[in-house]
Amino acid sequence: MLERGALAAMGTRFEIIVAGEPGSHARAAIEMALKEIEHCHRLWNPFSGDSVVARLNAAGRSEVPIDGLTHELLTLCQRFQRETEGAFSATTGSLLASRDPRRESPCHEDLTPESAFEVLQQPPRIRLNTAGLRWDFGAIAKGFALDLAVEALREAGIGNAFLHGGASSVAVMGQAPGLSGWRVQLPDGEILELADGDCLAVSSGHGVYDGDHLVDPVSGDWIENLSLGCWVRGSMAAGVDAWATALLVSRQRSGLLPEWGIEGEDWAFFELDATHHTDRDGITGEERAMPHLGPLLSGEEPALI
């Protein structure tokens, strides 16, 4: 028995597939998990005027009260910014706005070091040490939301599930029917089998606008190479999300990842078709840059869900 649920959030499509549970139980658990994702979307949507991101963007040099979930996310952002030596940053909103017509005009385009903000507790708040900071959680929010969704499914007693956000962020529980894990085909054709608790993130230069959504926060250089991608596998969706972006924007910093093992085990770069325009088969370059997900096919070629 398979049950599916889907939600449009964070500019993409999230999907949850539950296997081996009674229909009513699975549907109720999926609904709870999707509510976690929807809540994250409301909090951190950069295009919503009433989101936490909008409130942070509008703040000057001051302390801004935040909810507990945002405090947890910002604490992770601070950690990953430090561990990647700035290759990952959530304060790239001004740089992104300079090329993305969907965003408000940037306040400034200065690079923003970790010292630009402090995450404080009791009560949860953030201290902004630099005026005009603009935030964007696009490189971590999908993974964070998937982590919360997995937690909700486990609390509901679900043992086998496959979750993804836009196919670029994946989390699995248990195994697929008839298989020893859950199978994902990477853009270069390699098939990974994900075990219980595995998470996968794939990052590339493809986006709605060519080369406009990935920038190195340290140098300010845009990622214009659309033929290179990176995947990372680990135990936390938020973590692999952040590291996949960090590796792609600063390839030479791969030595910072001893915990992920050598390239080819838990992370790797890959080459992909740089064609971004829609082909005759209707598949866009953006879609070609994402994994093909085949979690329910036993012995068959994985297909895009």
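Structure's up top.
Residues numbered from 1 in each chain as written. Predicted model: local features only at pLDDT ≥ 70, side-chain atom pairs only at ≥ 80, totals over all residues. Heavy atoms only, no water.

**Side note on the pattern of salt bridges**
Now for step 1: Tallied over the entire structure, the rule returns 11 salt bridges.
Now for step 2: Residue R127 pairs with E63 through a salt bridge whose shortest N-O separation is 2.6 Å. Of the two residues, R127 sits in strand 5 (residues 125–128) while E63 sits in strand 3 (residues 63–65), which places them 64 residues apart along the sequence.
Now for step 3: Of the residues examined, R127 reaches a relative accessible area of 29% and is grouped as partly exposed.
Now for step 4: Across the pair E83 and R79 runs a salt bridge whose closest N-O atoms are separated by 3.1 Å. Here the residue E83 and the residue R79 both occupy positions in helix 3 (residues 68–83), the gap between them amounting to 4 residues, near one helical turn. (Salt bridge = Lys/Arg side-chain N within 4 Å of Asp/Glu carboxyl O. Helix = DSSP H or I, 4+ residues; strand = E, 2+ residues; numbered from the N terminus. Buried < 20%, exposed > 50% of the residue type's maximum accessible area, 1.4 Å probe, protein only.)

**Details of the packing of aromatic side chains**
Now for step 1: Taken as a whole and assessed by the stated rule, the structure comprises 7 aromatic pairs.
Now for step 2: With centroids separated by 5.6 Å and ring planes inclined at 45°, the aromatic side chains of F162 and W182 adopt a geometry described as tilted. Of the two residues, F162 sits in strand 6 (residues 161–165) while W182 sits in strand 8 (residues 182–185), which places them 20 residues apart along the sequence. Here F162 and W182 have matching classes, each one buried.
Now for step 3: Taken together, the aromatic side chains of W44, F117, W135, F137 and F144 make up a single cluster linked through ring pairs. (Phe/Tyr/Trp six-rings, centres within 6.5 Å; stacked < 30°, edge-to-face > 60°.)

**Things to note about the nonpolar core**
Now for step 1: If you look at the biggest cluster of nonpolar residues, it comprises 71 residues, and the most contacted ones within it are W44, W135, F137 and I140.
Now for step 2: The element that contributes the greatest number of residues to this core is helix 6 (residues 237–249), accounting for 10 residues.
Now for step 3: Ignoring anything within four residues of it in the chain, the contact list for I140 reads L73, L76, C77, F80, F88, A238, D241 and A242.
Now for step 4: One finds I17, L179, W182 and L194 within the second-largest nonpolar core, a separate group that totals 18 residues. (Core = buried A, V, L, I, M, F, W, Y, C linked by side-chain atoms within 4.5 Å. Contact = heavy atoms within 4.5 Å.)

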